[in-house]
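# Results of the structural survey
Each chain, written out:
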Amino acid sequence: MLLNGNGSTEIEPAAALRNDRPAAAPAQAPATSPTGVSEAAGRIPAYLTKHYWWAYVHPKAVWFFERQWLIDAILWGNYHQLRDAALDKLGPTLPGSTLQVASAYGDFTPALAERAAAGQGEVDVIDVLPIQLENLKQKLSADAPVRLATMDSAALNFSDARFDRAVLFFLLHEMPEEWRRRTLAETLRVVRPGGRVVIVEYARPARWNPMRYLFAPILSVLEPFALEVWMHDLREFMPAGAKIANFERRTFFGGLYQLVSFERQ
Ligand SMILES: C[S@@+](CC[C@H](N)C(=O)[O-])C[C@H]1O[C@@H](n2cnc3c(N)ncnc32)[C@H](O)[C@@H]1O
């Protein structure tokens, strides 16, 4: 890794719970902690501590979920197919700069790093939870061309057009609409014109798919914002007048998952 460390930032629970709106985009470059992870954020969004403490925030959650077979099971056996489809859409090798917006359990980032290394490129991974970046660090080889930074996806601390491409793997369904909109706007801002954005997400399954009826109640309890992503075309969450080209959408597993890709114009 180019940079590493835990970047830990202690958050008072009361302060975290008040953090129920995305902050404005930061005006200056992130500071680097003595351990190497850039620390730009500092506040954990309230939706994470309220709705996803069991999945991402609590140390035992990380211990529990960081198992490849479990993550694959949660995606009904589709993890590898979705991972590889997203990586293939980005490219067989990834020269230049790639941004992964939010960490993910499983081997998504190591596989992304391999393609970047093959293209002599670099990957930046941001996540708002230091514990997730610390976990990711354990999964990367020492020479992986990956930088980690603590940052909120709704206020990316990168300059305009900084990246050649960006990828979001199952992030948007976990956010309230305002965060989702800001995250997409920020992603579009930091990808250069002609650069590609790849998104893997839940989607509303086809009418014939029992998942459409069985999985919706489960999702609505465990993932309270996910059904918004089911019900809407992801373009509806982009800024008005967003300039994108070559929009493509492919579905998997009877429509329960979608891979969306487009280029920034
Ligand atoms: C990208 S999703 C991936 C979910 C999927 N179940 C998986 O692990 O494959 C989960 C990550 O998003 C991060 N996250 C959620 N909201 C965020 C935000 N506003 N900014 C940055 N990272 C965020 C969480 O901390 C967590 O590490």
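Scroll up to find the structure this text is about.
## A few points about the site of the ligand
What surrounds the ligand is a group of 23 residues, the closest being A102, A104, V128, Q132 and S153. Looking at the shell around the ligand residue by residue, the classes come out as 16 nonpolar, four polar and three charged.

## What to know about the environment of V146
Relative to the elements of secondary structure, V146 occurs in strand 5 (residues 146-150). C-beta crowding within 10 Å serves as the criterion here: with 25 such atoms nearby, V146 is assigned to the buried category. Expressed as a C-alpha distance, the spacing of V146 and A116, which sit 30 residues apart in the sequence, is 8.8 Å.

## So, helix 7 (residues 108-118)
It helps to recall that an α-helix has 3.6 residues per turn; residues three or four apart then point in one direction. The complete set of buried residues in helix 7 reads F108, T109, L112, A113 and A116. Viewed along the axis of helix 7, the buried residues span an arc of 125°, placing them on a single side of the element. Of the residues flanking the end of helix 7, it is Q120, one or two places downstream, whose phi is positive at about 55°.

## Quick word on the nonpolar core
A86, A166, L168, F169 and V200 are the most contacted members of the largest nonpolar core, which has 61 residues in total. When residues in this core are grouped by element, the largest group, six residues, is from strand 7 (residues 191-202). In contact with V200, not counting residues within four places along its chain, are L82, A86, F169, F170, Y257 and L259.

## Things to note about the pairing of strand 3 (residues 97-101)
Most of strand 3 sits out of view: five of its five residues are buried. Side chains S97, L99 and V101 project from strand 3 onto one buried face, and the interleaved T98 and Q100 project onto a second face that is buried too. By the bridge criterion, five bridges tie strand 3 to strand 4 (residues 122-127) in an arrangement that is parallel. Bridge pairing in strand 4 links S97 to E122. Taken together, strand 3, helix 7 and strand 4 constitute a β-α-β crossover, and its handedness is right-handed. Sheet topology places strand 3 next to strand 6 (residues 163-169); three bridges connect them, and they run parallel. Note on strand 6: the bridge partner recorded for T98 is R165.

## Here's the deal with unusual backbone geometry
Even without being glycine, Q120 reaches a positive phi, approximately 55°. Looking at where Q120 falls in the secondary structure, it is placed in the loop between helix 7 and strand 4. With 11 C-beta atoms counted inside 10 Å, the residue Q120 sits in the exposed group. For F253, which is not glycine, the phi dihedral falls at a positive 55°. Mapped onto the elements, F253 comes out in the loop between strand 8 (244-252) and strand 9 (257-264). For F253, a count of 18 C-beta atoms within 10 Å gives the class partly exposed.

Procedures and definitions
- Residues numbered from 1 in each chain as written.
- Predicted model: local features only at pLDDT ≥ 70, side-chain atom pairs only at ≥ 80, totals over all residues.
- Near = placed C-beta within 6 Å.
- Nonpolar A, V, L, I, M, F, W, Y, C, P; charged D, E, K, R; others polar.
- Helix = DSSP H or I, 4+ residues; strand = E, 2+ residues; numbered from the N terminus.
- Buried ≥ 20, exposed ≤ 12 C-beta atoms within 10 Å, placed from the backbone.
- Arc of directions from axis to C-beta.
- Core = buried A, V, L, I, M, F, W, Y, C linked by C-beta atoms within 7 Å.
- Contact = placed C-beta atoms within 7 Å.
- Pairing = 2+ DSSP bridges.
- Right-handed = clockwise from strand over helix to strand, strands pointing away.

Just geometry here; none of it tells us what the structure is for.
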